[in-house]
Amino acid sequence: MGLQQPPLFCITMSTEITKIYAPQQIEDKWYSYWLTNKLFKSTPDEREPFTIVIPPPNVTGVLHMGHMLNNTIQDVLVRKARMQGKNALWVAGTDHASIATEAKVVQMLREKGIKKSDLSRDEFLKYAWEWKEKYGGIILKQLEKLGASCDWDRTRFTMEPKMSEAVINTFIDLYNKGLIYRELRMVNWDPQGKTALSDEEVIFKDVQSKLYFIKYFLVDSKDEYVTIATTRPETILADAAICVNPNDERFKHLVGKQVLVPFINRPITIIADEYVDMEFGTGCLKVTPAHDKNDYELGKKYNLEVIDILNEEGFLNEKAIDPRYIGKDRFAVRREIAVHLEEAGHILKIDEYKNQVGTSERTGAVIEPRLTLQWWVDMKKFVAKNPQVLDAVMNDEIKFHPANMKNTYKHWIDNIKDWCISRQLWWGQRIPAWYDEDGNFVVAKTHHEAIAQYKLQFPNANTLQLKQDDDVVDTWFSSWLWPISVFDGFEKMDNGKVSKENADIKYYYPTNDLVTAPEIMFFWVARMIMAGYEWMGEKPFKNVYYTGIVRDKQRRKMSKSLGNSPDPLDLIAQHGADGVRMGMLLSSPAGNDILFDESQVEQGRNFANKIWNAFRLVKGLEVKPDAEFDAEILESNKISADWFNGKLNDAYAEISEKYTDYKLSEVLMSMYKLIWDDYCAWYLEMSKPEYGKPINE
RNA sequence: GGGAGCAUAGCUCAGCUGGUUCAGAGCACCUGCCUUACAAGCAGGGGGUCACAGGUUCGAACCCUGUUGCUCCCA
């Protein structure tokens with residue numbers, strides 16, 4: 001790096017350049033220049049590749065401040081690589097966001113007076129695709145406004161035919177490898193979305209609730225009773241037993257006896273198990289196998305009846321027996337039954353109680369544990385088969401920034417649970433399992449292949465019709481393939497591995513940097529690493545940069561409902577994309593939350609204006625190579641140029657070092673000071689001639 | 001309940017293995033300037049017991065222990 005000989009000049013002020021930088025026109029002008037000249041386009045060649053795949057935004061969304069931050073960082077990284085002469089590729093795309101989009105489409109239809117249940121699957125999907133066509137492109141257009149240097153010719157969508165085929169192929173592959181299975185289990189049920197959810201999609205929230213102490217009278221006794229404590233009194237209708245700790249002296253004499261469930265008078269037995277915490281509540285636990293995970297396990301152990309009193313929408317069904325409650329919503333019943341119990345003298349007391357309830361990440365509905373048949377990925381087996389999933393992160397082959405995220409990652413991997421991948425939705429890739437009337441099934445790509453396989457597997461059956469599974473896969477079951485599927489890696493598979501025949505996958509994989517939010521480490525980052533090792537035998541990326549959450553000045557998370565999030569496009573219109581980008585980066589070390597303050601955007605805008613005016617000054621200087629100059633001036637110009645060269649080299653070294661640590665806000669500050677202080681305040685001031693006085697006078 | 005982390009100027013943060021860049025940066029603030037690149041600017045200026053209490057050391061913002069307050073993740 002360095003400047004050549006100091007320029008020899010005198011001033012001829014230009015009036016063509018505006019005094020104040022007007023980013024809108026300039027940014028539009030250059031963005032379209034970049035696009036028409038295909039400057040962001042990348043195809044494999046002999047240069048070193050540098051690849052980033054975008055975390056595909058949902059087709060439901062519009063650009064928010066989190067996207068601004070995230071995509072600004074990606075753009076900085078990819079542009080730097082491009083300037084360094086690497087073959088830089090930033091792949092863009094969008095995510096079909098199964099449950100989120102389906103919820104939006106259902107709502108849109110409801111507003112039109114159409115119920116999802118009145119539509120066939122195909123009719124519904126037609127509406128969903130219309131939705132996608134209408135809204136899917138918006139966010140990509142917004143990214144252009146931000147200045148994102150993506151290779152737009154490579155834009156992908158997670159539910160386009162090729163991508164969906166990859167999902168189906170990998171499903172079948174995992175099934176054949178014994179890593180996917182189908183099982184009746186307790187799942188997180190979203191009664192509003194009417195679908196199962198993975199553990200990661202459940203958000204626990206603190207709530208203030210009531211702890212009801214309810215008396216269960218012993219069979220054949222009018223006054224002897226046990227008391228249980230519960231926050232969900234409606235579930236007593238599904239009780240199958242009472243359980244106490246075998247060491248609890250208070251209840252030893254009752255074990256084996258029976259009590260009656262209030263109102264419905266079902267006799268249930270008092271059993272004893274170490275699982276019960278003697279300290280909590282009354283020491284007596286009601287066991288409700290259909291509506292609680294732990295109770296279900298307990299029920300299995302003691303062979304208790306599973307009495308499921310809720311339907312898929314969270315309404316009580318006829319198994320609840322008492323006609324006062326059947327057909328009503330679980331929360332309505334909770335209020336009513338509390339009153340009824342009190343009136344009937346079954347309530348000992350009611351305490352205020354702070355507890356946590358699980359809610360659906362997408363619909364917000366309170367989750368019900370529900371026993372259903374679902375498809376699962378055997379994660380323990382998966383990780384055991386691919387130990388690099390943990391090792392690569394721990395030994396920094398995949399580097400996390402900031403590094404302390406490794407601990408969280410390790411904790412998750414060490415305690416990994418099986419992944420429920422089936423969803424009772426229509427918008428998504430349909431599970432390639434085919435069933436006969438008895439529930440026997442085969443896994444195959446097409447009906448035709450399914451029949452053939454079925455004949456092999458069940459030679460004695462004479463079914464010619466098989467019905468495909470109604471469910472789709474979790475949206476993350478397509479996202480985890482993203483760094484491979486955007487390069488069509490799954491088109492050619494060989495013995496359970498991507499055969500790496502196509503030029504793109506060979507050249508661009510593994511990618512370099514992944515920039516994403518820490519909250520999707522488990523949803524996405526961890527699973528991409530798993531998919532990478534399983535099918536490519538190699539990591540999907542070298543660095544993971546975790547951004548912070550964008551908060552307002554009062555540290556509140558920016559959200560639609562709070563109304564504290566500015567519209568990024570308004571901000572861009574007001575201060576220019578560069579101003580906004582700089583404002584975000586200034587206060588955003590990796591992993592730290594960013595406290596967004598518009599005054600930082602102003603600082604960014606001011607900086608752009610500073611550069612503009614420096615350009616205006618330099619542009620106004622006219623170089624006169626033939627003019628005769630005073631030796632003194634030549635000497636002083638040389639000194640100032642040398643001085644600035646030194647500064648430039650220092651800054652370059654400093655910036656390079658900070659880049660390797662991904663300290664982007666510090667990189668930006670170094671550049672800010674270099675340009676503002678060293679270049680403008682010193683170098684330009686030292687070398688510019690006095691106004692109106694030709695320099696060689 | 002388990003785990004991770006934070007506390008340095010009004011705000012956001014830097015400060016690596018304890019010692020001449022150790023008390024820093026940017027913004028904000030105060031004072032003076034509309035000086036022909038930029039008032040979105042220029043020149044100057046004030047401001048901190050490095051959360052608190054102990055300890056280790058010749059020496060602590062940095063290491064150790066405890067206290068307080070806060071944040072995040074997981075169940």
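Note that the coordinates shown come from a computational prediction; the quantities given were computed from them, not determined experimentally. Throughout, a residue's number is its position along its own chain's written sequence, starting from 1. For naming, the first written chain is A and the first written ligand is 1, with later ones following in the order written. Reporting in this predicted model follows two pLDDT cut-offs: at least 70 for local features of residues, and 80 or more for side-chain atom pairs to be given and counted; totals over whole chains, interfaces and linings ignore these cut-offs and use all residues. Each side-chain value is derived from all of the structure's non-hydrogen atoms; neither hydrogens nor water enter the calculation.

**Quick word on unusual backbone geometry**
Right, so step 1: Following His401, the chain continues into Pro402 via a peptide bond in cis, with omega recorded as 0 degrees.
Right, so step 2: Note that Pro402 resides in the loop between strand S16 (399-401) and helix H11 (405-414).
Right, so step 3: The linkage connecting Tyr509 with the following residue, Pro510, adopts the cis geometry, with an omega of -5 degrees.
Right, so step 4: One non-glycine residue with positive phi stands out, namely Asp220, at about 65 degrees.
Right, so step 5: Helix and strand assignments come from DSSP, with helices taken as H or I runs of at least 4 residues and strands as E runs of at least 2, each series counted from the N terminus. Along the chain, Asp220 turns up in the loop between strand S8 (202-217) and strand S9 (225-230).
Right, so step 6: Remark: exposure states derive from per-residue accessible area (1.4 Å probe, protein chains only) relative to the maximum for the residue type, with buried under 20%, exposed over 50%, and partly exposed in between. For Asp220, a relative accessible area of 80% corresponds to the exposed category.

**Some points on the sheet that holds strand S11 (residues 258-260)**
Right, so step 1: Overall, mixed pairing links the four strands, which are arranged S11-S12-S10-S13 in an open sheet. Only two strands of the sheet have a single partner each, and these edge strands are S11 and strand S13 (284-287). Between one strand and the next, the sheet's axes are offset by a mean angle of 35 degrees, whatever the strand orientation.
Right, so step 2: Direction of pairing for strand S10 (residues 241-244) relative to S13: antiparallel, over a ladder of four bridges. In the sheet register, Cys243 faces S13, and the bridge partner there is Leu285.
Right, so step 3: Lying over the sheet, helix H7 (residues 293-302) contacts S10, strand S12 (267-272) and S13, oriented at roughly 80 degrees with respect to S13. At least two DSSP bridges between two strands are needed for those strands to be called paired. Every axis corresponds to a line fitted to the C-alpha atoms, with the helix fit spanning only the stretch in contact, and the corresponding angles, defined between N-to-C directions, vary from 0 to 180 degrees. In this description, contact between two residues means that some pair of their heavy atoms is separated by no more than 4.5 Å.

**Some remarks on the nonpolar core**
Right, so step 1: Residues grouped as a nonpolar core are buried Ala, Val, Leu, Ile, Met, Phe, Trp, Tyr and Cys residues, joined through side-chain atoms within 4.5 Å. Core analysis: the biggest nonpolar cluster contains 124 residues, and Trp375, Phe400, Tyr409, Phe477 and Trp480 have the highest contact counts within it.
Right, so step 2: Per-element accounting of this core gives the leading share, 12 residues, to helix H16 (residues 521-536).
Right, so step 3: In terms of nonpolar packing, the next biggest core, distinct from the first, is built from 30 residues, Ile214, Val259, Ile268 and Val333 among them.

**Details of the confidence of the model for chain A**
Right, so step 1: Per-residue confidence for chain A gives a mean pLDDT of 89, with 93% of residues at or over 70.
Right, so step 2: On a scale of 0 to 100, pLDDT captures the predictor's confidence in every residue. Confidence drops under a pLDDT of 50 for residues 1-15, and excluding neighbours within four residues, the segment shows 39 contacts in the predicted structure.
Right, so step 3: Taken as a whole, residues 691-697 scores under 50 in pLDDT and shows nine contacts with residues more than four places along the chain or in a different chain.
Right, so step 4: For this predicted complex, the interface confidence reaches an ipTM of 0.92, while the overall pTM sits at 0.90.

**What to know about the pairing of strand S6 (residues 180-190)**
Right, so step 1: In terms of strand pairing, S6 meets strand S15 (residues 368-377) through 10 bridges, oriented antiparallel. Each residue of the ladder has a partner; that of Arg185, found in S15, is Thr372.
Right, so step 2: For S6 and strand S7 (residues 195-197), the ladder comprises three bridges, and the chain directions are antiparallel. Counterpart to Asp190 in the pairing with S7 is Thr195.
Right, so step 3: Connecting S6 to the antiparallel partner S7 that follows it, the hairpin turn spans four residues, and Lys194 within it adopts a positive phi of roughly 55 degrees.

**A short note on the state of the cysteines**
Right, so step 1: For this text, the term disulfide refers to a pair of cysteine sulfurs within 2.5 Å. For the structure shown, the criterion picks out zero disulfides.
Right, so step 2: Looking at Cys243, it has no disulfide partner, and the nearest cysteine sulfur is the one in Cys284, 9.3 Å off.

**Re the protein's contact with RNA strand B**
Right, so step 1: By nearness alone, 33 residues border RNA strand B, and Gln356, Gln603, Lys610, Asn613 and Arg616 come closest of all.
Right, so step 2: Any residue with a heavy atom positioned within 4 Å of a molecule or strand is treated as near that molecule or strand. Near-protein atoms of RNA strand B (within 4 Å) split between backbone and bases, with sugar and phosphate holding 68%.
Right, so step 3: Take Arg605: an N or O atom from its side chain is 3.3 Å from a base nitrogen of RNA strand B.
Right, so step 4: Between RNA strand B and Lys673, the relevant distance is 3.0 Å, taken from a sugar or linking oxygen to a side-chain nitrogen or oxygen of the residue.
Right, so step 5: Every element with two or more residues in the surface near RNA strand B is listed here: H11, helix H19 (598-619) and helix H21 (664-687).
Right, so step 6: Top contributing element to the surface near RNA strand B by residue count: H19, with nine residues.
Right, so step 7: The class makeup of the residues in the surface near RNA strand B is 11 nonpolar, 11 polar and 11 charged. What qualifies as a polar contact is a pair of N or O atoms within 3.5 Å, subject to a donor-acceptor requirement within protein and to the restriction that residues adjacent in sequence count only when both atoms come from side chains. Charged means Asp, Glu, Lys or Arg here, nonpolar means Ala, Val, Leu, Ile, Met, Phe, Trp, Tyr, Cys or Pro, and polar covers whatever is left, Gly included.

**Topic: the packing of helix H17 (residues 568-575) against H19**
Helix-helix packing is characterised by the crossing angle of the two axes and by the distance between the axes.
Right, so step 1: Here H17 crosses H19 at 40 degrees, and the two axes come no closer than 10 Å. With respect to H19, the element H17 is oriented oblique. As for the relative orientation of H17 and H19, their crossing is right-handed in sense. Together, Leu571, Gln574 and His575 of H17 and Glu598, Val601, Glu602 and Arg605 of H19 make up the contact between the two elements.
Right, so step 2: Of the residues assigned to the contact of H17 with H19, the class counts are two nonpolar, two polar and three charged. Geometric relationships in this document are graded by angle, where less than 35 degrees denotes roughly parallel, more than 145 denotes roughly antiparallel, 65 to 115 denotes roughly perpendicular, and other angles denote oblique. When the near helix sits turned anticlockwise from the far one by under a right angle, the crossing is termed left-handed; a clockwise turn instead gives a right-handed crossing.

**Description of the packing of aromatic side chains**
Right, so step 1: Planes of paired rings set the category: under 30 degrees apart is stacked, over 60 is edge-to-face and the rest tilted, where pairs are Phe, Tyr or Trp rings (Trp by its six-membered ring) whose centres lie within 6.5 Å. Under the criterion given, the structure shown has 37 aromatic pairs.
Right, so step 2: On the numbers, 5.9 Å between centres and 70 degrees between planes, the contact of Tyr31 with Trp34 is edge-to-face. You can see Tyr31 and its partner Trp34 sitting in helix H1 (residues 23-36), three residues apart, about one turn around the helix.
Right, so step 3: When the centroid spacing of 5.6 Å and the interplanar angle of 50 degrees are considered together, the rings of Tyr435 and Phe441 count as tilted. Each member of the pair, Tyr435 as well as Phe441, carries the same accessibility label: buried.
Right, so step 4: By the ring-pair criterion, three or more aromatic residues cluster together here, those being Phe171, Tyr175, Trp375, Phe382, Trp419, Tyr435, Phe441, Phe477, Trp480, Phe490 and Trp535.
Right, so step 5: A cation over a ring is seen here: Lys116 above Phe124, with NZ or CZ 5.6 Å from the ring centre.
Right, so step 6: In this structure, Lys132 is placed above the aromatic ring of Phe157, and the distance from its NZ or CZ to the ring centre is 4.3 Å. In this scheme, Lys NZ or Arg CZ marks a charge over a ring once it lies within 6 Å of the ring centre and within 35 degrees of the ring normal.

**Here's the deal with the pairing of strand S25 (residues 511-516)**
Right, so step 1: Among the six residues that make up S25, six are buried, leaving the element largely enclosed by the rest of the structure.
Right, so step 2: In terms of strand pairing, S25 meets strand S26 (residues 541-546) through five bridges, oriented parallel. Paired with Asp513 across the strands is Asn543, a residue of S26.
Right, so step 3: For the crossover from S25 across H16 to S26, the handedness is right-handed. Handedness rule for crossovers: strands pointing away from the viewer, path from the first strand over the helix to the second running clockwise, crossover right-handed.

**Brief notes about the environment of Asn386**
Right, so step 1: Relative to the helices and strands, Asn386 resides in the loop between helix H9 (379-385) and helix H10 (388-394).
Right, so step 2: Accessibility expressed as a relative area gives 4% for Asn386, which makes it buried.
Right, so step 3: Beyond its immediate sequence surroundings of up to four residues, Asn386 is in contact with Tyr533 and Glu534.

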